[in-house]
Each structure stands twice: as structure tokens, then as C-alpha cells.
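Chains, contacts and geometry: an overview
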Amino acid sequence: MTRSRSRTSRVIAGTATALAVLTACGGGGDDTANKSAGPVTITFWGWAKGSKDVVDAFNASHTDIQVKFEEIPSGTAGGYAKISNAVKAGNAPDLVSIEYSSLPEFVSSGALQDIGGEFTEADRAKLLPQTVELTTLGGKTWAVPFDAAPQAFFYRKDLFAKYKVPVPATWDAFRKAAEQVRKADAKARIATFFPDDPTTFEAMAWQAGAQWFKAENDTWKIDTTDAATTRVTAYWQGLLDDGLVHKNASFSPEWTGSLKNGTTIGYLGASWGAGVLKGTLPEQDGKWAVAPMPSWDGKPASGMLGGTSFAVTKDSGKKAAAVTFAEWMSTTEEGVKARIASGTSSAFPAATALRPVAKKAFDAGYYGGQDIYALFETAGASISPHWAWGPTTGTTNTTIKDHFGKITRGGPGIADAVKAGHDATVAELTKRGLKVEG
């Protein structure tokens, strides 16, 4: 076991204890359908770029299992609500995409099946330890990790050169660069604060060393007032107050338009953002580059922004077939090629041996041939293992998002939103009858 994995396991051990009281044995599919004549047909819901290409490739190469795919909105844009409603109604698909941050909530609500019997320790040993731990809750395995999502800074290298702005390696340098960009062009900004997306802010806190959710014995400890979070909160509030970043909803027409007209020249995103920009701004081919995320001391450091896993819903009777497909997507060369060769996905596989496959499949010409996967590799290794997600992420994030939308100069700020998220989390945990401190 690596040192990183050992540290991570100790962090998750407490979380496992707290979640154990929430998780029953899971649904009870017995795969009786697998014994019938003909191929087993499973249903799969997801939204990640390249998903349909993967399903088509799997169906073309397999005769024993066939997959029916339905594209749904991204999780926080309605996808999770759709999945939850389907589970409650008893008509959920067999397999669903769930981001790591939302997995504990689905587990605690009894919506998923334990897949430890199908997705073995030998299978998990092939994956980035941080992703394995994020899918191991209550001592059970609840999902197949697909990708890690280390942070990265995407920037218009032509405009950085035009404005003579050095690419920042630290957050102090990032603020100075933001001032230079605004001075060079009064309408231009170095990046955007996304009021609709608390996960980007949480990744910043994660990178800084925060640990919002911690389980000890049977008690959840919630802490959003630690030094790391306070530092990140004050920093971003300062950027907003001084007008050094835009404030637009992520992937909105306003945000996309500002990228198109050059009034936003940077994007603080994650590894998957390389495919997003390439697909969104094809006319800017060759103008973008990728840099490590700025850090507080200039050394590699990253949180995780998103990241996908595949989970089997509680009433599926086709668990083995669903896990077989999930593993094919996540841990085979064919599955990774099928997703990335479409040109819309720059996923960074959790399966470490498949990183070279992903690198070869993704055409990095858009980034001038830059070896972006080498950058993702370094960032992925630097993801802090001390962050864990709680079982009420939906409540936490919805509350923060609502209050982020109210931020105004001289009015409510980021600290108010984080405090509201904290209070709502504590209230929800208490409502569920859990012990909580914070």
C-alpha cells in the first residue's frame, strides 16, 4: 500500500464508521436475467462527454451484454433529481453516473447496491487510491471509479503574451496577474467566479488543505471555518470586491461569450475542461494552453473538481452485467479510447495504466501539442487525500449555491454563503438523527 493510500484509508475509516449506520446491505438484484437466453440488456443513464460513443463501441464488441443509453442533465442540473425520483418510483436504470461528491448521499439514502463481490480488490488496485477511497463507504464498495479530476488552469497564451502577463504559479501571483490583465484591457478578466457552482469553490478549499466533513466514531464533525477555508474565502472575496474576476454562471451564454470575445482569458477548471474548451471554442484552436493550478506555496497541490463513478441502483437485477460494463468503460483500453477519441472528452482515467492510452487518444493540437496529460499526472498525484464528502452534499451545495447568487459588493459575501451551507448541513444531519458537531 502506498503512503498516500495509507493516509487516505485512515481518513476514510472514520467516515466508514459513520456511514455504516446509514447503509443497509443494498438492493438485491440476483442477476436472474443473466441466466436467460440471449444477451442481457441493461440501461445506463449519464451525461459525460463521449458516453454515447462508449456505449456504441461496447455494443458493437459484445454479444452477451447490450446497453441502452439515455443522456440526462448533469447531476446538479437535474440529473440527480431524475435518478432519485426513478429509484423511489421503482423504475430506475441499472447503472448511473454519480460524481464522487454525491455518492455518499445516494448510499445513505439506500439507492445503490454494494458491488464489492463484482468489483474486487484486484480491480481496485489498478486505480488511483484517492478515487477508490471516495467510492468505499461503510466498509463496502459502491461504485466503479472512472476518472480523477485534478485541477488545472487553462489560459489564452496569445493574450497572456500580448499583455505581457506571466503565467502565475502561486495565488499571490494570480492576483497580480489579474491586476495586469485588467490594466491591459479594462473589459478583460483573468478568470470567473461561478456563483452557480459551489464545487469549484470547494475544490479550492480542498486544495488549500480544508476538511469540511470528518467522521469520528458515530459523530459527524463539520468545519468550514478552518484556516484553509477562511484563507480561500477571503482571497476570492477580495478578487470580487476589487473587480478582478468576472462573476457569471458556469457554461452560461455570458461565460461562453466572454471567452469567445476575449474578455475572459482564463479558466480555473479540471482535467476534463480541456475537452470542454476544445468543443466549445473550436475557432480558438492553438490559442489556449494549460498550466498547473496556482497554489499557495508554488508547489503542486490539487483538489478534485468533479470526477465520475458508475453505480448500480438498488433494484437492478442485473448487477453483474452492469458492473461488467462499468469496468469496461473505466479499466480497458478499448473503453477509454472510445470515450476520448470522440474529441469531446479529455478525461483523466482513474486507471493509472490507461493514462498513456488517454493521452494518445486525445488530440492535443488544440493546445499546440502540449503534453497536457503529463500536467494532469502531476496534479493528480498531488490531490490531497484528507478530504471526504458527507452524506448531505446536496443540501450543502444547494444552500451555498443559493447564497452565492446573492453576493453583492457591500452586501452578502462568500463567507455568508459558506456559513449558510454549514448551518444547513448541521440541521440536515440532525434531522436525520445523526450525531453532529460543528
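Model, not experiment: these values are computed from the prediction.

Now for the overall build of the chain. In terms of helices and strands, the chain carries 18 helices and 17 strands. The C-alpha radius of gyration computed for the chain amounts to 21 Å, which stays within 12% of the reference 22 Å derived for 438 residues, consistent with globular compactness. Its C-alpha atoms put the chain at 70 × 50 × 40 Å along the principal axes. Put simply, the chain has 438 residues, and 56% of those count as buried. Taking contacts inside the chain between residues at least 6 apart in sequence as the whole, the part at least 24 apart equals 79%. Carbon and sulfur atoms provide 53% of the accessible area of the chain, an area that totals close to 17000 Å². On the chain, the mean spot of the 46 positive side-chain charges and the mean spot of the 45 negative ones are 4 Å from each other.

Read across the sheet, three strands follow the order 13-8-14 without closing on themselves; strand pairing throughout is antiparallel. Two strands close off the open sheet at either side, each with one partner strand: strand 13 (266–270) and strand 14 (288–292). In this sheet, adjacent strand axes meet at a mean angle of 30° when their direction is disregarded. With five bridges joining them, strand 8 (residues 151–156) and strand 13 adopt antiparallel strand pairing. Of the residues in strand 13, the one forming a bridge with Q151 is A270. Each of strand 8, strand 13 and strand 14 touches helix 12 (residues 273–280); the most contacted strand, strand 13, lies at about 135° to it. Where helix 16 (residues 372–381) meets the sheet, it contacts strand 8 and strand 14, and its direction lies at approximately 25° from that of strand 14.

So, on to helix 17 (residues 393–404). The end-to-end C-alpha separation of helix 17 is 16 Å, in line with the 16 Å expected for twelve residues at 1.5 Å each. Looking at helix 17, one finds that the buried residues are T393, T396, N397, T399, I400 and F404. The buried residues of helix 17 occupy an angular sector of 160° when projected down its axis, which confines them to one face. At its buried positions, helix 17 is contacted by helix 4 (103–108), strand 9 (192–193), helix 9 (198–208), strand 10 (213–216) and helix 18 (414–431).

Looking now at the packing of helix 13 (residues 319–331) against helix 14 (residues 333–340). Pairs of packed helices are described in terms of their axes, by the angle between the two and the distance that separates them. For the pair helix 13 and helix 14, the least separation of the axes is 5 Å and the interaxial angle reads 70°. On the basis of their axis angle, the class for helix 13 and helix 14 is roughly perpendicular. From helix 13, W328, M329, S330 and T331 reach across to helix 14, where they touch E333, E334, G335, V336 and R339. Of the residues belonging to the contact of helix 13 with helix 14, the class tally is three nonpolar, three polar and three charged.

Evaluation of the coordinates by the stated rule reveals 38 aromatic pairs. Aromatic side chains W47 and Y80 sit 5.7 Å apart centroid to centroid with 80° between the ring planes, which places their arrangement in the edge-to-face category. Taken together, the residues span a long stretch of sequence, with W47 in the loop between strand 1 (40–46) and helix 2 (51–61) and Y80 in helix 3 (residues 79–89) at a distance of 33 residues. An identical accessibility class is assigned to W47 and Y80; each is buried. A centroid spacing of 5.2 Å and a plane angle of 70° characterise the contact between F58 and W328, whose relative ring orientation is edge-to-face. Residue F58 is located in helix 2, and its partner W328 is located in helix 13; the two are separated by 270 residues in the primary sequence.

Running from N to C, helix 9 and helix 17 cross one another at 105°; their axes reach a closest spacing of 9 Å. As the angle between them shows, helix 9 and helix 17 are arranged roughly perpendicular. Seen from helix 9, the contacting residues are P198, T199, F201 and E202; seen from helix 17, they are T396, N397, I400, K401 and F404. Class assignment for the residues of the contact of helix 9 with helix 17 results in four nonpolar, three polar and two charged.

Conventions we followed
- Throughout, residues of each chain are indexed from 1 in the direction in which the sequence is written.
- It should be noted that, the model being predicted, local features are given only for residues of pLDDT at least 70 and side-chain atom pairs only at 80 or more, the latter also being counted only at that level, while totals for whole chains, interfaces and linings use all residues.
- Excluded from the side-chain calculation are hydrogens and water; included are all heavy atoms of the structure.
- Secondary structure counts use DSSP, requiring at least four H or I residues in a row for a helix and at least two E residues in a row for a strand, with both numbered from the N terminus.
- For a compact globule the rule gives 2.2 Å times the number of residues to the power 0.38, and the radius of gyration it is set against comes from C-alpha atoms.
- With a 1.4 Å probe rolled over the protein chains alone, any residue whose accessible area is under 20% of its type maximum counts as buried; one over 50% counts as exposed, and the rest are partly exposed.
- Note on contacts: a residue pair is in contact if any heavy atoms of the two residues lie within 4.5 Å.
- Working definition of accessibility: Shrake-Rupley area with a 1.4 Å probe, residue cover restricted to the visible protein chains.
- Note on charges: Lys and Arg go in the positive column, Asp and Glu in the negative column, and His and the chain ends are not counted at all.
- Note that the charge is assigned to NZ on lysines, CZ on arginines, CG on aspartates and CD on glutamates.
- Only strands that DSSP links by at least two bridges are regarded as paired with each other.
- As a rule, the C-alpha atoms of each element are fitted with a line to give its axis, helices using only the stretch in contact, and angles between N-to-C directions run from 0 to 180 degrees.
- The span one expects for a helix is its residue count, reduced by one, times 1.5 Å.
- This arc is taken over the directions from the axis of the helix to the C-beta atoms.
- When an angle is under 35 degrees it counts as roughly parallel; over 145 it counts as roughly antiparallel; between 65 and 115 it counts as roughly perpendicular; any other value is oblique.
- Under this grouping Gly is polar, as are all residues other than the nonpolar Ala, Val, Leu, Ile, Met, Phe, Trp, Tyr, Cys and Pro and the charged Asp, Glu, Lys and Arg.
- We call Phe, Tyr and Trp rings a pair once their centres come within 6.5 Å, taking the six-membered ring for Trp, and we label the pair stacked below 30 degrees between planes, edge-to-face above 60, and tilted otherwise.

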